[in-house]
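Each chain is listed here by its residues.
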Amino acid sequence: MNFIRNRLLGYGVDEALVDTLSFVILVGVIILLCIVANLISKHLIIRFITHIVRKNDIKWGNILLERKVLRRLSHFVPALIIYYFASTFPTYQKAIETLALTYIMIVAFSVINRLLSVFNDIYQTYEIAKTKPIKGYVQVAKIVVVIVGAVLVIANLMGESPVILLSGIGALSAVFMLIFKDSLLGLVAGVQLSATEMVRMGDWIEMPKYGANGDIIDISLNTVMVRNFDKTVTMIPSYALISDSFINWRGMQESGGRRIKRALYIDMSSITFCTEEMIEHFKQIHYLSNYIVEREREIEEYNSKNKIDRNNVVNGRALTNVGVFRAYILQYMQHHPRIHQEMTLMVRQLAPGEHGLPIEIYAFVDDTKWTVYETVQADIFDHLFAIAPEFGLRVFQNPTGSDLKALGNGV
């Protein structure tokens, strides 16, 4: 300031205007220095660093650039210049230093928050992130940084010790617990979910209460984000996964097999004992030839041993068309290339009802992909519906309009 004042006096400037002009010139010089320093840091240094990172494809460096950490750091430069020149304005020195230091603190805490985001992004690149997500913990750390930063900034502006403000916050703990209730519940739930591995990124979960049925795409402090199969997104509170029940299909996906559990209903009026013609016809079916021969021998031995009169079909043992059909289905499934043979495979009868006799298939497709599973299941039942008449069986369905019309024409 004195240097500028002396120079102005040397140029013959009116002494009444010297102080004002000196002040304006010094402020202008400081502003110019700040602008130049900011331009140098952003357009030279940061561009140079960006070029090096891009050229060498430094993964962590790319994340730092995407989060604009370096750009945020460049804001320190003008603040430090202002803080350094504060002593040239003795009257306003205290206020200028306080404001400059406040700005520096705000930038510092902003940089810390961005570095926490960078840490989370780097962690996401590792395989462990799928089973041990830390986004919730990072969010808690950000909240702590914001609270501590706010306390320090306010203390700096007031010129008081931060300890005094922190002691006051203790009295407001109940208010903070109310404000951050969901965050605290989410934090506790996040710890439990992570420790027990109840859910992971990419898990398929089903939670009808919240309309969720799809893959987990994000686990944060307060919510778990699920992308449903219709491409909508459902947000579930983290603590709801602890307090409520839900289905996690991870076990199915990891097993390598997806279950088929479906029945076809046989019209019970079409069930009958097999005639000689039917048995001869069944022997020509590839999957049944050995079965029919073996069963005929077994039945013949039983009936002969027990001297059973077969003139009445009620006596003794005999093959039925539905029994042979069930055996065919089992053989067909055992030879199917897309059925997992190491998992449970059975064909069973369920209790008959008003829709006929259910023949249920319980098996596992060897691929967990939805489209593959549905295709294999459809192919199996297409085949079974088509060949049921070959066994003298009718698949049950309620009468349709065409059935009633045909009946009316017959009358």
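So, a few notes on the structure that sits alongside this text. (Residues numbered from 1 in each chain as written. Predicted model: local features only at pLDDT ≥ 70, side-chain atom pairs only at ≥ 80, totals over all residues. Heavy atoms only, no water.)

1. Let's talk about the overall build of the protein chain
When you go through the protein chain residue by residue, the secondary structure sums to 17 helices and eight strands. Buried positions account for 33% of the 411 residues belonging to the protein chain. Of all intrachain contacts in the protein chain linking residues separated by at least 6 positions in sequence, the fraction that spans at least 24 positions is 63%. (Helix = DSSP H or I, 4+ residues; strand = E, 2+ residues; numbered from the N terminus. Buried < 20%, exposed > 50% of the residue type's maximum accessible area, 1.4 Å probe, protein only. Contact = heavy atoms within 4.5 Å.)

2. Things to note about the sheet that holds strand β1 (residues 204-207)
An order of β4-β3-β2-β1-β5 is seen for the five strands of this open sheet, with the pairing classed as antiparallel. Unpaired on one side and paired on the other, β4 (233-237) and β5 (247-248) mark the two borders of the sheet. Relative to β4, strand β3 (residues 223-228) runs antiparallel, the two sharing five bridges. Pairing of V224 across the sheet is with I236, part of β4. (Pairing = 2+ DSSP bridges.)

3. Overview of the packing of helix α15 (residues 321-334) against helix α16 (residues 370-387)
The N-to-C vectors of α15 and α16 enclose an angle of 150°; their axes lie 12 Å apart at closest approach. In terms of their interaxial angle, α15 and α16 are classed as roughly antiparallel. Crossing angle aside, the handedness with which α15 passes α16 is right-handed. Seen from α15, the contacting residues are F325, Y328, I329, Y332 and M333; seen from α16, they are I380, H383, L384 and I387. Its residues placed into classes, the contact of α15 with α16 shows eight nonpolar, one polar and no charged. (Axes fitted to C-alpha atoms, helices over the stretch in contact; angles between N-to-C directions. Parallel < 35°, antiparallel > 145°, perpendicular 65-115°, else oblique. Left-handed = near helix turned anticlockwise from the far one by under 90°. Nonpolar A, V, L, I, M, F, W, Y, C, P; charged D, E, K, R; others polar.)

4. Thoughts on α15
With 14 residues, α15 should reach 20 Å at 1.5 Å per residue; the first-to-last C-alpha distance of 20 Å fits that figure. Among the 14 residues of α15, 10 are classified as buried, and the element is accordingly described as predominantly covered. Taken together, the buried positions of α15 are N321, V322, G323, V324, F325, A327, Y328, I329, Y332 and M333. (Expected span 1.5 Å × (residues − 1).)

5. Description of unusual backbone geometry
Positive phi, close to 75°, is recorded for K231, a residue that is not glycine. Positionally, K231 belongs in the loop between β3 and β4. One non-glycine residue, K307, lies in the positive phi region at around 50°. Tracing the sequence through the fold places K307 in the loop between α14 (289-305) and α15.

6. A short note on the sheet that holds strand β8 (residues 357-365)
Taken in spatial order, the three strands make up an open sheet running β6-β8-β7, and their pairing is antiparallel. Bordering the open sheet on either side are β6 (258-266) and β7 (346-349), each of which pairs with just one other strand. Direction aside, neighbouring strands of the sheet carry axes that sit 20° apart on average. Pairing of β7 with β8, which is carried by four bridges, proceeds in the antiparallel orientation. Residue pairing for β8: V347 is matched across the bridge by I361. On top of the sheet, α16 reaches β6 and β8; it is set at about 25° to β6, its chief contact.

7. So, the packing of aromatic side chains
Enumeration over the complete set of coordinates arrives at 11 aromatic pairs. With 6.1 Å between their ring centres and 20° between their planes, Y328 and Y332 make a pair best called stacked. Highlighted residues: Y328 and Y332, both in helix α15, separated by four residues, approximately one helical turn. The pair formed by Y328 and Y332 is uniform in burial state, with each residue classed as buried. Here the aromatic rings of Y328 and F391 are separated by 5.6 Å at their centres, their planes lie at 50°, and the arrangement is tilted. Of the two residues, Y328 is situated in helix α15 and F391 in the loop between α16 and α17 (401-410); the sequence distance between them amounts to 63 residues. (Phe/Tyr/Trp six-rings, centres within 6.5 Å; stacked < 30°, edge-to-face > 60°.)

8. Considerations on a nonpolar patch on the surface
The grouping of L32, V36, I40, L44, I45, F48, I49 and I52 at the surface amounts to a nonpolar patch, some 710 Å² of accessible area in total. Following the sequence through the fold, L32 ends up in helix α2 (residues 15-56). (Patch = residues over 30% accessible without salt bridge, like charges linked within 9 Å, V, L, I, M, F, W, Y side chains within 5 Å. Areas by Shrake-Rupley, 256 points an atom, 1.4 Å probe, with all protein chains shown as cover. Salt bridge = Lys/Arg side-chain N within 4 Å of Asp/Glu carboxyl O.)

9. Section: the pairing of β3
Only one face of β3 is covered, namely the one carrying V224, V226 and N228; the face carrying T223, M225 and R227 has none of its residues buried. In terms of strand pairing, strand β2 (residues 212-219) meets β3 through five bridges, oriented antiparallel. Paired with D215 across the bridge in β3 is R227. The antiparallel hairpin formed by β2 and β3 contains three residues in its connecting segment. Linkage of β3 to β4, two consecutive antiparallel strands, is achieved through a turn of four residues, within which K231 is found at a positive phi near 75°.

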